[in-house]
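Per-entry structural report
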Amino acid sequence: MKIEPTRLAELARHVGGEVEGNAETVITGVAPIEQAAGGDLTFVAQPRFLDQLDRTPAAAVLVARSLAVAATTRTALIRVDNPYFAFIAILKKVLPGPTPASGIAATAQVHPRARVGKEVSIGPYAVIEAGCEIGDGVQIGAHCYLGPQARIGANSVLFPHVCLGHGVVVGRNVIIQFGSVIGSDGFGYLRHEGRYHKIPHLGTVVIEDEVEIGANCTIDRGTFGQTHLRRGAKLDNLIHVAHNVEIGEHTVIAAQTGISGSTKIGREVTIAGQVGFVGHIEIGDRTTFGAQAGVTKSIPAGTVVSGYPARDHAQARREEAAIRRLPELLKRVRALEKWLAAAGQLPPAAGSAVDD
């Protein structure tokens with residue numbers, strides 16, 4: 001990916017790195033190491049890619065300060081604490097994302113009683129209802145909908161087709177990707193005299209600062225209180241968060257996870273894809289969930305679980321390994337039963353495997 005020609009020394013200063021080699025090298029592009037070409041800056045984040053240093057045509061490589069590099073390497077290096085993080089920081093510097101010009105599109109509908117901050121961008125056909133508060137520098141994409149009294153903090157970004165229900169609160173520096181719906185009614189019904197009656201959802205959703213929500217996620221409002229995503233939480237695409245759920249700070253959740261109502265998830269939790277949580281349980285801080293785990297009970301802090309029902313990851317792996325051996329073990333049992341029956345030590349009727 002091409003960039004404006006930039007001296008290697010300037011990029012090193014930006015990430016607090018130290019140059020080994022020619023600091024005047026001019027960088028004209030950025031790329032992963034397997035795709036790097038002449039003039040590119042790339043990075044090596046793991047020792048297993050170290051052998052590519054002697055083969056890459058890249059002009060310079062970001063490496064860890066502690067990484068031992070062969071003396072034969074001729075590529076210029078920038079030594080940093082975390083090469084991948086430094087590479088991302090440089091990408092943000094040299095390839096800033098597109099920022100729409102501030103202003104309100106002619107086809108957008110902004111209610112007179114909405115409060116709009118400075119340098120706000122509101123795209124075509126967006127609808128902003130009465131009582132909304134939009135902070136400075138907010139970007140609202142085409143066809144977005146903000147319900148009455150919805151609030152968005154400064155510098156947050158709503159991609160096209162995002163919907164915020166009435167009273168939803170979004171903090172500062174939040175990113176919500178295409179098509180997500182925040183603040184829809186939860187799935188709550190009361191069965192009475194043979195019929196289901198809808199429970200009104202009068203609460204809201206509170207999204208704190210620096211949260212990121214992927215495309216086509218659905219986050220239901222609280223029944224009477226709040227559904228709450230705390231600071232720095234990151235949600236992948238296609239995630240459902242039910243009413244009154246709480247997600248802790250800096251928790252990351254991969255795609256297609258579903259969280260049932262009133263479940264509380266702690267801080268710095270890692271949740272892989274397609275994990276399912278029943279309602280009204282508590283998940284401790286810094287827990288980790290393997291893909292497709294089915295979580296049926298509360299999980300203590302610092303635990304690693306997987307499988308269905310979710311259980312200690314090491315135990316789940318042992319059980320799965322034993323299950324894979326069942327066909328072989330069944331053959332051995334059948335052979336043993338036949339041998340015992342032939343020796344007159346096991347009546348045929350006593351061994352069901354013999355009759356299979």
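Remember, it's a predicted structure, so these values are computed and weren't measured experimentally. (Residues numbered from 1 in each chain as written. Predicted model: local features only at pLDDT ≥ 70, side-chain atom pairs only at ≥ 80, totals over all residues. Heavy atoms only, no water.)

Secondary structure assignment for the chain yields 5 helices and 39 strands. Relative to a compact globule of 356 residues, whose C-alpha radius of gyration would be 21 Å, the chain shows 28 Å and is clearly more extended. Its C-alpha atoms put the chain at 90 × 75 × 35 Å along the principal axes. Sorting the 356 residues of the chain into buried and exposed places 41% on the buried side. In the chain, 18% of the contacts between residues at least 6 apart in sequence involve partners at least 24 apart. (Helix = DSSP H or I, 4+ residues; strand = E, 2+ residues; numbered from the N terminus. Rg over C-alpha atoms; globule rule 2.2 N^0.38 Å. Buried < 20%, exposed > 50% of the residue type's maximum accessible area, 1.4 Å probe, protein only. Contact = heavy atoms within 4.5 Å.)

With that out of the way, let us pick up the pairing of strand E5 (residues 60–64). Counting buried positions along E5 yields 5 of 5 residues, so the element is predominantly enclosed. Burial of the side chains of E5 extends over both faces: Ala60, Leu62 and Ala64 are buried on one face and Val61 and Val63 on the other. Of the pairings in the sheet, the one linking strand E4 (residues 40–43) to E5 comprises 3 bridges and is parallel in character. Bridge pairing links threonine 42 to valine 61 in E5. Direction of pairing for E5 relative to strand E6 (residues 76–80): parallel, over a ladder of 5 bridges. (Pairing = 2+ DSSP bridges.)

On the secondary structure map, serine 121 appears in strand E10 (residues 121–122). According to the relative accessible area criterion, serine 121 is buried, its value standing at 7%. Reaching out from serine 121, the side chain makes a polar contact with the backbone oxygen of alanine 101 at a distance of 3.4 Å. If we ignore the near neighbours within four places in the chain, the residues touching serine 121 are Pro100, Ala101, Ser102, Gly103, Val138, Gln139 and Ile140. (Polar contact = N/O pair within 3.5 Å; in protein donor to acceptor, adjacent residues only side chain to side chain.)

With that settled, the discussion passes to a nonpolar patch on the surface. A cluster of nonpolar side chains, namely Phe187, Tyr189 and Tyr196, defines an oily patch on the protein surface of about 420 Å² accessible area. Along the chain, phenylalanine 187 turns up in the loop between strand E20 (181–184) and strand E21 (189–192). With a relative accessible area of 70%, phenylalanine 187 lands in the exposed category. (Patch = residues over 30% accessible without salt bridge, like charges linked within 9 Å, V, L, I, M, F, W, Y side chains within 5 Å. Areas by Shrake-Rupley, 256 points an atom, 1.4 Å probe, with all protein chains shown as cover. Salt bridge = Lys/Arg side-chain N within 4 Å of Asp/Glu carboxyl O.)

Here glycine 290 shows up in the loop between strand E36 (288–289) and strand E37 (294–295). Between the C-alpha atom of glycine 290 and that of aspartate 51, which follows or precedes it by 239 residues, the distance is 32 Å.

Okay, the sheet that holds strand E12 (residues 133–134) next. With parallel pairing, the 9 strands of this open sheet are ordered in space as E9-E12-E15-E18-E23-E26-E29-E32-E35. Only two strands of the sheet have a single neighbouring strand rather than two, namely strand E9 (115–116) and strand E35 (282–283). The pairing of strand E29 (residues 246–247) with strand E32 (residues 264–265) spans 2 bridges and is parallel. Considered in E32, the bridge of glutamate 246 is made with lysine 264.

On to the pattern of salt bridges, then. Going through the model one piece at a time under the given rule, you end up with 16 salt bridges. Here arginine 230 and glutamate 246 are joined by a salt bridge, their closest N and O atoms 3.2 Å apart. Pair noted here: arginine 230 is in the loop between strand E26 (226–229) and strand E27 (234–235) and glutamate 246 is in strand E29, with a separation of 16 residues, a long-range link. Since its relative accessible area comes to 26%, arginine 230 is described here as partly exposed. For the salt bridge of arginine 267 with glutamate 268, the shortest nitrogen-to-oxygen distance reads 3.5 Å. Look at glutamate 268 and you get partly exposed, because its relative accessible area is 35%. Counted as one network, the salt bridges with shared partners bring together Glu18, Arg65 and Asp81.

Here we come to the sheet that holds strand E16 (residues 157–158). The mixed open sheet is built from 12 strands, whose spatial order is E7-E10-E13-E16-E19-E24-E27-E30-E33-E36-E38-E39. Each having just a single partner strand, strand E7 (103–104) and strand E39 (311–312) make up the two edges of the open sheet. Judged from the 2 bridges that link them, E16 and strand E19 (residues 175–176) form a sheet pairing that is parallel. Paired with valine 157 across the bridge in E19 is isoleucine 175.

Right, let's get into helix H2 (residues 83–94). The end-to-end C-alpha separation of H2 is 16 Å, in line with the 16 Å expected for 12 residues at 1.5 Å each. On the buried face of H2, the contacting elements are strand E1 (2–7), helix H1 (8–14), strand E3 (26–30), E4, E5 and E6. You can read the cap of H2 off the contacts: a side-chain oxygen lies 3.2 Å from the backbone nitrogen of tyrosine 84, and it is on asparagine 82. (Expected span 1.5 Å × (residues − 1).)

Applying the stated criterion to the full structure yields 5 aromatic pairs. Note on phenylalanine 43 and phenylalanine 87: the rings are 4.7 Å apart at their centroids and 35° apart in plane angle, and the pair reads as tilted. One end of the pair, phenylalanine 43, is in strand E4; the other, phenylalanine 87, is in helix H2, with 44 residues separating them in the sequence. Given the relative accessible area of 16%, phenylalanine 43 is considered buried. Take phenylalanine 87: its relative accessible area is 6%, and that puts it in the buried class. Among the aromatic residues, those joined into a ring-pair cluster are Phe43, Tyr84 and Phe87. In this structure, arginine 191 is placed above the aromatic ring of tyrosine 196, and the distance from its NZ or CZ to the ring centre is 5.1 Å. (Phe/Tyr/Trp six-rings, centres within 6.5 Å; stacked < 30°, edge-to-face > 60°. Lys NZ or Arg CZ within 6 Å of the ring centre and 35° of its normal.)

Here we come to the state of the cysteines. Counted under the stated rule, the structure contains 0 disulfides. Not part of a disulfide, cysteine 163 finds its nearest cysteine sulfur in cysteine 144, a span of 7.4 Å. With no disulfide of its own, cysteine 217 has cysteine 163 as its nearest cysteine by sulfur position, at a separation of 13 Å. Classification of cysteine 217 by relative accessible area gives buried; the value is 0%. (Disulfide = S-S within 2.5 Å.)

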